[in-house]
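Geometric and topological summary
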Amino acid sequence: MDLPPFITAATGMDALTHNMEAFLAKNPHPLCDGIALEGIFLIKDAIEKATNRPDLESRSKMLMASMMGAIAFQKGLGVVHSLAHPLSSLLDTHHGLANAVNLPYGMEFNIAGFEDRFRRIARTLELKNETGQAVVDYLSELNTKVNIPHKLSEIGVKPEHIETLADLALADFAHPNNPKPVTREDFKQLYLKAL
């Protein structure tokens, strides 16, 4: 209950990333898919309140959703975690913050070819438009609502970091479970887009 707003937001967005990436991960696991979707639903209802006006209900939903993400990601993670991990190792960026900033960009990368999966995420989020782009827009708006920056430059990333970050991202363990392959050039372009 006493977790400060920034840590609540960053760890909450990390939990959302766990659930979203687990749902999209290429390994088949219907049980994890169901858990991940329910985790997404709980976070949708709770993260803004838990961050800005915390009460027992919102904190409890976030606690459950966080645990559900940890269960669901036995299925795998993906491109967002591989973008985030190098920021923590190279620049000591908080892991949840690194995921939160990269989440809209990584999700946008995954839309093409997986529109059906994004439609299910959009339905879970109760979005008016059941599209991948609507999910990406929702994530950007959510970052604003919980005071997460939108750009890597706002958290200390500089152009000279990009090549090293791309090397580290390619070597990361998470992206092989991404629904589509991610090349070094993909990582570089994602970092540049987020910069």
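For the structure itself, consult the block above.
We now turn to the structure provided with this report. (Residues numbered from 1 in each chain as written. Predicted model: local features only at pLDDT ≥ 70, side-chain atom pairs only at ≥ 80, totals over all residues. Heavy atoms only, no water.)

Concerning the packing of aromatic side chains
To keep it simple, the criterion reads: Two rings from Phe, Tyr or Trp (for Trp, the six-membered ring) form a pair when their centres are within 6.5 Å of each other. A pair whose planes differ by under 30 degrees is stacked, one over 60 is edge-to-face, and the rest are tilted. Both a distance and an angle decide whether a charge sits over a ring: NZ of Lys or CZ of Arg must be within 6 Å of the ring centre and within 35 degrees of the ring normal.
This model, assessed by the stated rule, comprises zero aromatic pairs. Just above the ring of F23 sits the side chain of R117; from NZ or CZ to the centre is 3.9 Å.

Considering the layout of surface pockets
Defined as follows: A 1.4 Å probe that fits but cannot get out identifies a cavity on a 1 Å grid over protein atoms alone, an open set with protein on both sides within 12 Å along at least five of seven lines counts as a pocket, and a residue lines either if it has an atom within 4 Å of a point. Grid points are joined across faces, edges and corners, and a volume is the space filled by probe spheres set on the points. Note that Gly is not counted as nonpolar here; it falls among the polar residues with everything else outside the nonpolar set of Ala, Val, Leu, Ile, Met, Phe, Trp, Tyr, Cys and Pro and the charged set of Asp, Glu, Lys and Arg.
When its volume is computed, the largest pocket comes out at roughly 180 Å³. Taken together, M1, L3, T8, T11, G12, A15, A50, R59, M62, L63 and S66 make up the lining of the largest pocket. The residue inventory of the lining of the largest pocket, partitioned by class, reads six nonpolar, four polar and one charged.

Observations concerning the pattern of salt bridges
The test is simple: Think of a salt bridge as a Lys or Arg side-chain nitrogen and an Asp or Glu carboxyl oxygen that are within 4 Å of each other. Under the scheme used here, helices are H or I runs from DSSP no shorter than 4 residues and strands are E runs no shorter than 2 residues, and both carry numbers assigned from the N terminus. When a residue's accessible area, from a 1.4 Å probe over protein chains only, is under 20% of the maximum for its type it is buried; when over 50% it is exposed; and in between it is partly exposed.
One pass over the structure, following the stated rule, counts 12 salt bridges. The salt bridge involving K44 is made with E126; its shortest N-O contact spans 3.1 Å. Of this pair, K44 sits in helix α2 (residues 30-52) while E126 sits in the loop between α6 (115-124) and α7 (132-145), placing them 82 residues apart in sequence. Its relative accessible area of 56% is what places E126 among the exposed residues.

Notes on the nonpolar core
Most often, soluble globular proteins keep nonpolar side chains buried together rather than apart. What counts is decided by this rule: What we call a nonpolar core is a set of buried Ala, Val, Leu, Ile, Met, Phe, Trp, Tyr and Cys residues that are connected through their side-chain atoms within 4.5 Å. It only takes one pair of heavy atoms within 4.5 Å for two residues to be counted as in contact.
With 60 residues, the main nonpolar core has L16, M20, M107, I121 and V135 as its most contacted residues. Not counting chain neighbours up to four residues away, the residues in contact with I121 comprise M20, F23, L24, I40 and V135.

Looking at unusual backbone geometry
A positive phi angle, near 60°, is found at D92, a position not held by glycine. You can see D92 is positioned in the loop between α4 (79-91) and α5 (95-110). In this model, E126 sits at a positive phi of 60°, which is unusual for a non-glycine residue.

Here's the deal with a nonpolar patch on the surface
The condition that has to hold: Patch building starts from residues that exceed 30% relative accessible area and form no salt bridge, then joins like charges within 9 Å and nonpolar side chains (Val, Leu, Ile, Met, Phe, Trp, Tyr) within 5 Å. Only the protein chains shown count as cover for residues, and the accessible areas themselves come from Shrake-Rupley with a 1.4 Å probe.
The grouping of M64, M67 and I71 at the surface amounts to a nonpolar patch, some 260 Å² of accessible area in total. With respect to the element layout, I71 can be found in helix α3 (residues 56-72). Looking at I71, the relative accessible area reads 35%, which means it is partly exposed.

Here's the deal with the packing of α2 against α3
Our working rule: The axes are straight lines fitted to the C-alpha atoms, using for helices just the contacting stretch, and the angles between their N-to-C directions are given from 0 to 180°. Orientation categories follow fixed angle ranges, with anything under 35 degrees roughly parallel, anything over 145 roughly antiparallel, 65 to 115 roughly perpendicular, and all other angles oblique. For a crossing to be left-handed, the near helix must be turned anticlockwise from the far one by less than a right angle; the clockwise case is right-handed.
Direction vectors running N to C along α2 and α3 enclose 150°, while the axes themselves pass 8 Å from each other. Classified by the interaxial angle, the pair formed by α2 and α3 is roughly antiparallel. In terms of crossing hand, the pair formed by α2 and α3 is left-handed. Packed against α2, whose contacting residues are C32, I35, A36, E38, G39, L42, I43, D45, A46, I47, K49 and A50, the element α3 presents S58, R59, K61, M62, M64, A65, M68, I71 and A72 at the interface.

Let's talk about the packing of helix α1 (residues 5-24) against α7
Between α1 and α7, whose axes approach to 12 Å, the crossing angle comes to 165°. Of the possible angle classes, the one that applies to α1 and α7 is roughly antiparallel. The way α1 lies across α7 gives a crossing that is left-handed. Touching M13, L16 and M20 of α1 are V135, L139, L142 and N143, all from α7. Class assignment of the residues belonging to the contact of α1 with α7 gives a composition of six nonpolar, one polar and no charged.

Observations regarding the environment of I148
Mapping I148 onto the fold places it in the loop between α7 and α8 (162-171). We classify I148 as buried; its relative accessible area is 3%. For the pair formed by I148 and G34, sequence separation is 114 residues and the distance between their alpha carbons is 28 Å. Setting aside chain neighbours within four positions, we find I148 in contact with A9, A10, L97, A100, V101 and N143.

Let's talk about the environment of F41
Inspection of the secondary structure assignment puts F41 in helix α2. C-alpha of F41 to C-alpha of K61: the two residues are 20 residues apart in sequence and 9.6 Å apart in space. In this structure, F41 is in contact with T124 and E126, ignoring residues within four places of it in sequence.

A word on α7
Think of an α-helix as turning once every 3.6 residues; residues three or four places apart then point the same way. To keep things clear, this is the line we draw: To estimate the expected span of a helix, subtract one from its residue number and multiply by 1.5 Å.
For α7, spanning 14 residues, the distance from its first C-alpha to its last is 20 Å, which sits close to the expected 20 Å at 1.5 Å a residue. Those residues of α7 not exposed but buried are G132, A134, V135, V136, Y138, L139, L142 and N143.

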